[in-house]
Amino acid sequence: MNNNLKDDWELIVGLEVHVELGTKTKLFCGCVNQFGDEPNTNVCPVCLGLPGSLPVVNEKAVIYAMQLGRALNCSVGRSIFARKNYFYPDMPKDYQITQYDQPTNMDGYLELPSGVKIGIERAHIEEDTGKTVHVGSTGRISGSDYSLVDYNRAGVPLIEIVSYPEIRTIDQAKEYVEELRGVLLALEVSDAKMEEGSIRVDANVSVRIEGEDELRTRCEIKNVNSLRSLGRAIEYEANRQIDLYENSEIPSQETRHWDESDGRTRPGRSKEDAEDYRYFQEPDLVPLNPNTETIEMIDQGLPSFPSERRMQLATLAQMDVSEIALIVERGHDGFAAETINSGAAPQVVIKHLTNNLSDGLGELTPTAFASLIQMEESAELTSTQAKKVLGELVLQGGRPQEVAAQFGLEAVDTDELETLINQLITDYPDEWERFCGGEKKVQGFFVGEVMKSTRGQADGKVINQILNERISD
Amino acid sequence: MSPSVPDSFVTAESISEKVKSGEWSAVEILDKYLSQIEQHESEVHAFNTVLEGEARAAARETDKRVASGETLGPLAGVPIAVKDNLCTKGIRTTASSRILENWKPPYDATVVQKLFSAGATLIGKTNMDEFAMGSSTENSAFGPTRNPHDLSCVPGGSSGGSAAAVAAGFAPISIGSDTGGSIRQPASLCGVVGVKPTYGGVSRYGLLAFASSLDQIGPFANTVRDAAIVHEVIGGHDPKDSTSISEPFPSFLDGLDHGVEGLKIGIISELMGGIEGISPEVIGKTREAASVLSANGALIEEVSIPASLYCLSSYYLIAPAEASSNLSRYDGVRYGLRVQGETLAEMNINTRTNGFGNEVKRRIMLGTYALSAGYYDAYYGKALKVRRLLAQNFDEVYSKFDVLLSPTSPCTAFKLGEKTSDPMTMYVNDVCTIPSNLVGHPAISVPFASGNDGMPIGVQILVPPMQEALMYRVASTLESAKSNEQ
């Protein structure tokens, strides 16, 4: 399971992922939705929550949300906005407009590359808050000299995707977030950058003895800013809880903050004295009621998602899903398919895409790629030569035959190699005897000599093949 | 001595016509109203802000445009007083609260924009119960407004300043907001016409929210026709308000004089003695109004709206619940009053403790409680059920009747201080007006009679949503019956 947990303990994780949508404007007003601008420049009466202002829903954000919902196999239906009431200076109205008991998307799942399906409880629409900067002291509110608030982010559209507690390993948790990123990028609804905060992950972590049915008390871990932190935070938190249980203590249900530098989680507010958010229907907005045609239109417009793309490529290449997952993640699966369909050997296509094309495809075309692979397969080029030509095709484009000729690259043909090797056997009888006697390291000497006289343009595989044939002769 | 209205320029319609024809100048008209304000405002206190300079400049501009041959709107040169909970760009908008004492909005409410486009002159911002919470305008942080008909009496509320401004001849037209009767009840107490439009009929953009699902902006006027004219100006779809109705309303003016022949009018029996606390005198005058309509050919019958018994309780949960959320933003962080503290929470608390008056605090606490985990179902949830039941009651009644009739206020204007000690007696003032807010239907209060104390009594006419044309028609019939009598 690779959880680094003590024996007999099972990890239970549910993830809450906040995604900033990449709409041009904010969720309830016409202000620009843009990261990194001068503070408080993308604001208006609505996103500042000025007295008398009213929200109007950004239709694009709703469409994005429904697209994401359908991509996550959710049922999409009538939804209402609600107010979540609590005081905080970066929230202009001192309530957040969100969705509560009737979210836009409910009951779906995300299929991981490993084939495991993680249930999605809901994916709802809400507005983001502003950002508070505490100046002086540690950067925390207590002890700071003063605080500044930037409302540029206030009102930016968010989707909160809540999974069921169905994640059982740290790797699954990371895979889940990566897979979700893949879906978001395929939909083009978010830039999905964890470092810039356009994806924010909170993890609900609990543990139980394997075989137990009931869930035990969970803690919500916040402030996890990378996949690596996510893994570390879950592992730390699970072990913390196990230690408590093993000392006959019980963890309390609370929010905890991950401290990256310490590698620990620390308590935030506990759920017992948690605020009562006093949710109620947002009276300034009307329910969203998409009709079946709208949902059908959304379904028809959906791109294909990583899970089905992996399946398609694996089937075409006749390889295991795990061997081609990276290519799908890089978005090179369409290119791979086209190359394979032009007659190139799938194994070689996948090999090059995995190992030699991680920096992008540049000017390379599927046709050129396929010809190159054919040249390599028919031993016109050695694999080293092919790699060199491939690099050139990425930079310059063109046909591999021409590029190879330009560099004077051409695998020495087999007849020529046989002549060369016969000559070597005559010139080095002692070494040949030792080789025939089973001294394998002498093989390297012969290969080296052939390479020397062909200036590296011979195919190592072919040389070895000929040498072995000669022994048996 | 009470201020009296100068007769010659009493209707907004005649002012606009004569200003447009060049017969009167907008400045001249304005000056007459300003002089009335100068003489009597210190007694009445209808305004938080009088905009003498701004209004003069605007009136001069109007006259210039008339002179240059421009076509002006239906309110050209008409001085208008606007309740101080409607945003006016660069002009103090306080909601009669210390917490916003010096707040100047950076934008105009949609209604204010529409008034300006129609050529109106903003003469001032009127006093009100703080954040529109109250029925007497005594909850203003800046002192009460007095009833122009008897200065020892309240004008009603919460739009008491707007009602008093029209009654005192400070302006021919004013604008108020009505959440549970805050236009109709003061209209009744001040002897003017007051309208609560269909929910969604007038944009709420720029109205400082009290209870968003109940709030509507509407006009006060001396005549039904003036009210209808102003209503047409301020109404219509506004993309900035998601609850705004996009379908067009039929003209409110076209059938105004068509009478009530053949209309089926129901008198709401619960408000005619069924519920305690409505004065026999008011009930008697409402019956007289029914007789007038009957004499004009309407069919009158008593009808029952059983859920109206629970309206007051339901309203005093829903409105405070929404208010508790709407008023959270007044936290000292971004605008308005800030009273410092050692910590952030202390600053929030100090600001709100000092900035809000008692009635506002009471309703915030009530609403917070009603929405709390564990109490939601018993209070707020149940109140919503009453609201749905009430809507069903109205639907059933309107399947048999065209129009409903009831008192507007359970009593005539009461003395200042008479009801301030017990919030419950104050809350009962809204018993006749609340049902329309809960279901979002339009209603109008028309001055109809005077009580034994000489104070005005209005009657309320209720119609189904978007049926304002019918409402104005019935109101107009009552109005002309009354003037024929005199």
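Bear in mind the structure is a predicted one, so any value in this text is a computation, not a measurement. (Residues numbered from 1 in each chain as written. Chains lettered and ligands numbered in written order. Predicted model: local features only at pLDDT ≥ 70, side-chain atom pairs only at ≥ 80, totals over all residues. Heavy atoms only, no water.)

A. Seen up close, the side chain of B:H231. By the element assignment, B:H231 lies in helix α7 (residues 224–234). When sequence neighbours within four positions are dropped, the list of residues in contact with B:H231 reads B:V195, B:P197, B:V202, B:P219, B:F252, B:E468 and B:Y472. (Helix = DSSP H or I, 4+ residues; strand = E, 2+ residues; numbered from the N terminus. Contact = heavy atoms within 4.5 Å.)

B. View of the packing of helix α9 (residues 311–326) of chain B against helix α11 (residues 358–371) of chain B. Residue and element names in this part refer to chain B. Running from amino to carboxyl end, α9 crosses α11 at an angle of 100°, the nearest separation of the two axes being 7 Å. Between α9 and α11, the interaxial angle falls into the category roughly perpendicular. Residue-level contacts link Y316, L317, P320, A321 and S324 of α9 to R363, I364, L366, G367, T368, A370 and L371 of α11. Of the residues belonging to the contact of α9 with α11, the class tally is 8 nonpolar, 3 polar and 1 charged. (Axes fitted to C-alpha atoms, helices over the stretch in contact; angles between N-to-C directions. Parallel < 35°, antiparallel > 145°, perpendicular 65-115°, else oblique. Nonpolar A, V, L, I, M, F, W, Y, C, P; charged D, E, K, R; others polar.)

C. Representation of the sheet that holds strand β4 (residues 173–178) of chain B. Residues and elements named next belong to chain B. Taking strand neighbours across the sheet as the criterion, the 11 strands line up as β1-β3-β2-β4-β6-β5-β10-β11-β9-β7-β8 in an open arrangement whose pairing is mixed. Each of the sheet's edge strands pairs with one partner strand only, and the pair in question is β1 (47–50) and β8 (299–303). Each adjacent strand pair in this sheet contributes to an overall mean axis angle of 30°, direction not counted. Across the face of the sheet, helix α2 (residues 26–44) comes into contact with β1, β2 (79–83) and β3 (121–126) while running at roughly 20° to β3. This element, helix α5 (residues 160–167), spans β1, β2, β3, β4 and β6 (216–221) of the sheet and lies at about 155° to β4. (Pairing = 2+ DSSP bridges.)

D. The nonpolar core, seen in detail. A:L15, A:Y176, B:L115 and B:F131 are the most contacted members of the largest nonpolar core, which totals 213 residues. Setting aside residues up to four positions removed in sequence, A:Y176 forms contacts with A:L15, A:V17, A:L110, A:L112, A:I118, A:I120, A:I161, A:S163 and A:I167. A:M319, A:V321, A:A336 and A:L393 belong to the second largest nonpolar core, which has 34 residues in total. (Core = buried A, V, L, I, M, F, W, Y, C linked by side-chain atoms within 4.5 Å. Buried < 20%, exposed > 50% of the residue type's maximum accessible area, 1.4 Å probe, protein only.)

E. Structural context of α11(B). Taking 1.5 Å of rise per residue, 14 residues should cover 20 Å, and α11(B) covers 20 Å from first to last C-alpha, within 8% of that figure. Restricting attention to buried positions, one finds in α11(B) the residues B:E359, B:V360, B:R363, B:I364, B:G367, B:A370 and B:L371. Take α11(B) and look down its axis: the buried residues cluster within an arc of 135°, on one side only. Summarising the geometry of α11(B), the exposed residues directed more than 90 degrees from the buried face are B:N358 and B:M365. Along its buried surface, α11(B) packs onto β14 (280–281) of chain A together with α9, α10 (344–355), α12 (377–398) and α13 (423–427) of chain B. (Expected span 1.5 Å × (residues − 1). Arc of directions from axis to C-beta.)

F. Local environment of the domain arrangement of chain A. All names here are of chain A. By domain assignment, chain A separates into domain 1 (9–300), domain 2 (304–406) and domain 3 (414–472). Computed over C-alpha atoms only, the centres of domain 2 and domain 3 are separated by 31 Å. Contacts between the two partners involve 4 residues from domain 2, matched on the other side by 4 residues from domain 3. Of the roughly 270 Å² buried between domain 2 and domain 3 on both sides combined, carbon and sulfur atoms contribute 48%. When residues of domain 2 are sorted by the area they lose upon contact with domain 3, A379, T382 and Q385 head the list and together hold 91% of the total. In this assembly, domain 2 and domain 3 are joined by 0 residue pairs in polar contact (both at pLDDT 80 or more). The residue inventory of the side of domain 2 that touches domain 3, partitioned by class, reads 2 nonpolar, 2 polar and no charged. (Domains from an automatic or database assignment. Buried area = accessible area lost by both parts, 1.4 Å probe. Polar contact = N/O pair within 3.5 Å; in protein donor to acceptor, adjacent residues only side chain to side chain.)

G. Quick look at the confidence of the model for chain B. Residue-level pLDDT values for chain B average 96, and 97% of them are 70 or greater. Here residues 1–6 of chain B is a poorly scored stretch, pLDDT under 50, and it has 18 contacts once near neighbours within four places are set aside; other chains count. (pLDDT = per-residue confidence, 0-100.)

H. A look at unusual backbone geometry. A cis amide bond, omega 10°, links B:G157 with the succeeding residue B:S158. For B:S158, the position within the fold is in the loop between β3 and α5. Of note in the backbone geometry, A:N73 takes a positive phi value of approximately 60° without being a glycine. Turning to its location among the elements, A:N73 is positioned in the loop between α1 (59–71) and β2 (75–76). Overall, A:N73 belongs to the partly exposed group, its relative accessible area being 35%. Its identity as a non-glycine residue notwithstanding, A:D107 has a phi of 50°, on the positive side. Tracing the backbone shows A:D107 in strand β5 (residues 105–111).

I. Representation of the interface of chain B and chain A. Of the residues lining the interface, 36 residues belong to chain B; the matching set on chain A comes to 30 residues. A combined buried area of about 2700 Å² lies between chain B and chain A, and 58% of that area is made up of carbon and sulfur atoms. A per-residue breakdown of the area chain B buries against chain A is headed by B:S242, B:R329 and B:R334, which together make up 23% of the total. Across the salt bridge formed by B:R204 and A:D284, the nearest N and O atoms sit 3.1 Å from each other. Across the chain B-chain A interface, the total number found is 18 residue pairs in polar contact (both at pLDDT 80 or more). Ranked by residues supplied to the side of chain B that touches chain A, first place goes to α9(B) with 4 residues. Tallied by class, residues from the side of chain B that touches chain A come to 18 nonpolar, 10 polar and 8 charged. (Salt bridge = Lys/Arg side-chain N within 4 Å of Asp/Glu carboxyl O.)

J. Molecular detail of the pairing of β2(B). All names here are of chain B. In terms of residue burial, β2 counts as a mostly covered element, since 5 of its 5 residues are buried. By the bridge criterion, 5 bridges tie β2 to β3 in an arrangement that is parallel. Opposite K83, over in β3, you have T126 as the bridge partner. On the question of chirality, the crossover connecting β2 to the parallel β3 by way of helix α4 (residues 110–117) is right-handed. Pairing between β2 and β4: 3 bridges, direction parallel. Within the sheet, the bridge partner assigned to V82 lies in β4 and is I175. (Right-handed = clockwise from strand over helix to strand, strands pointing away.)

K. Structural view of the packing of aromatic side chains. Residues and elements named next belong to chain A. Considering all chains together, one arrives at 29 aromatic pairs over all chains under this definition. Considering the side-chain rings of F335 and F369, the 5.8 Å spacing of their centres and the 35° angle between planes classify their relative orientation as tilted. Here F335, found in helix α7 (residues 333–341), pairs with F369, found in helix α9 (residues 366–377); they are 34 residues apart in sequence, far enough to count as distant. Here F335 and F369 have matching classes, each one buried. Following the ring pairs from residue to residue traces out a cluster consisting of Y428, W432, F435, F445 and F446. Positioned above the aromatic ring of Y277 is the side chain of K84, whose terminal nitrogen or guanidinium carbon lies 4.4 Å from the ring centre. Over the face of the ring belonging to Y245 we find R216, whose NZ or CZ atom lies 4.4 Å from the ring centre. (Phe/Tyr/Trp six-rings, centres within 6.5 Å; stacked < 30°, edge-to-face > 60°. Lys NZ or Arg CZ within 6 Å of the ring centre and 35° of its normal.)

L. Representation of helix α12 (residues 414–427) of chain A in the model. Residues and elements named next belong to chain A. Taking 1.5 Å of rise per residue, the 14 residues of α12 would be expected to cover 20 Å, and the 20 Å separating its terminal C-alpha atoms lies within 8% of that figure. Within the span of α12, buried status applies to L417, I421, L424 and I425. Seen from one end, α12 has its buried residues packed into an arc of 100°, which puts them on one side. Summarising the geometry of α12, the exposed residues directed more than 90 degrees from the buried face are D415, T419 and T426.

M. Summary view of the packing of α1(A) against helix α2 (residues 170–187) of chain A. Residues and elements named next belong to chain A. Interaxial distance between α1 and α2 falls to 11 Å at its minimum, and their mutual angle equals 130°. Considering their axes alone, α1 and α2 lie oblique with respect to each other. The chirality of how α1 crosses α2 is right-handed. Contacts between α1 and α2 involve Q67, L68 and A71 from the former and V183, L184 and L187 from the latter. Considered class by class, the residues forming the contact of α1 with α2 number 5 nonpolar, 1 polar and no charged. (Left-handed = near helix turned anticlockwise from the far one by under 90°.)

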